[in-house]
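Results of the structural survey
Each chain, letter by letter, is given below.
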Amino acid sequence: MKRVLVVEDEASIREMIALNLKMAGWEVLEAGSAERALELFHAAPPCDAALLDIMLPGMDGLSLCETIRRSNSDIGIIMVSAKGQEADKIRGLSIGADDYITKPFSVSELVARVEALVRRVRRGGNGDTRTPGTEPDQLVSGPFVLDEKSRVLYKAGNAIDLTQVEFQIMELFFRNPGTALVREKILEGVWGKGYFGDVKIVDVNIRRLRMKIEDEPSSPQHILTVWGYGYRWNA
Ligand code: CA
């Protein structure tokens, strides 16, 4: 069963989210604080997704996100923020969240977002259903090798740790070398058609990727900006 960690200190909201996720077939672990969430996170078999409220008593959702991401690059993380916390959302994405949703949200939208996230994570994970032999296991581009089996990127032989979203973006680049990709297409390629997320997610993930793969992230040589449009891969 798919397992999700829901961290929210307001019991009524947490229970409503948990109830709806359970109805959608999820096993839900509930925590009212980041400290409790970490206990659950370490005790249980790994969760597929985590929903983290930013404003929590004690350790906040951003620090929790950072802590979880440090030990698990596969889990899908969605930050939940209140209106007016724009800076926090972006910070959440830059430290490892995959998506965010703003309160008040509709529960059906929230469930759809969690499902989209995990479908995507699964697609790349153990649930890989591609027919063997139809695709190469490694994509090579310049000094980079993307190993589809182990989901690891190598640069000149050195392994670079990527989140699932970052990995998917790299896949898209490697399959479209030298092509300007519009941000909406990157969003669609990574999150699937009909996904109603924000293109800012793409920008933040690109920023994170540049920190990991570029010699000088401030003057990128591989992930080039196409002004007013999107990004282009240059090996
Ligand atoms: Ca809260």
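Computed from a predicted structure; not experimentally measured. (Residues numbered from 1 in each chain as written. Predicted model: local features only at pLDDT ≥ 70, side-chain atom pairs only at ≥ 80, totals over all residues. Heavy atoms only, no water.)

1. Things to note about the packing of helix 2 (residues 34–43) against helix 3 (residues 61–71)
Which entries qualify depends on this criterion: Interaxial angles span 0 to 180 degrees and are taken between N-to-C directions of axes, which are lines fitted to C-alpha atoms, for helices over the stretch in contact. The helix and strand labels rest on DSSP assignments: H or I over at least four residues marks a helix, E over at least two residues marks a strand, and numbering proceeds from the N terminus. Here roughly perpendicular refers to angles of 65 to 115 degrees, roughly parallel to angles under 35, roughly antiparallel to angles over 145, and oblique to all remaining angles. For any pair of crossing helices, the crossing counts as left-handed if the nearer helix is rotated counterclockwise from the farther one by less than a right angle, and right-handed if it is rotated clockwise. Residue contacts are defined here by distance: any two heavy atoms, one from each residue, within 4.5 Å place the two residues in contact. For this classification, the nonpolar set comprises Ala, Val, Leu, Ile, Met, Phe, Trp, Tyr, Cys and Pro, the charged set comprises Asp, Glu, Lys and Arg, and every other residue, Gly included, is treated as polar.
It is the contact of helix 2 with helix 3, at a shortest axis distance of 11 Å, that shows an interaxial angle of 15°. In terms of their interaxial angle, helix 2 and helix 3 are classed as roughly parallel. In this structure, helix 2 crosses over helix 3, and the sense of that crossing is right-handed. Facing A34, A37, L38, F41 and H42 of helix 2, the residues of helix 3 in contact are L64, T67, I68 and S71. Of the residues in the contact of helix 2 with helix 3, the class split is six nonpolar, three polar and no charged.

2. Comments concerning the coordination of the calcium ion
In plain terms, the rule: Here a donor is an N, O or S atom found within 2.8 Å of the metal, or within 3.2 Å if the metal is Na, K or Ca; sites may look incomplete because water is not among the atoms. With a 1.4 Å probe rolled over the protein chains alone, any residue whose accessible area is under 20% of its type maximum counts as buried; one over 50% counts as exposed, and the rest are partly exposed.
Within the first shell, the calcium ion binds the protein through D9 (OD), D53 (OD) and M55 (O), at distances of 2.1 to 2.4 Å. Donor residues for the calcium ion, ordered by position in the chain, follow D-x43-D-x1-M. Here D53 lies in strand 3 (residues 49–53) and D9 lies in the loop between strand 1 (3–7) and helix 1 (11–23), a separation of 44 residues in the sequence. On the basis of relative accessibility, which here comes to 32%, the residue D9 falls in the partly exposed class. Taking the relative accessible area as the measure of exposure, D53 reaches 3% and is therefore buried.

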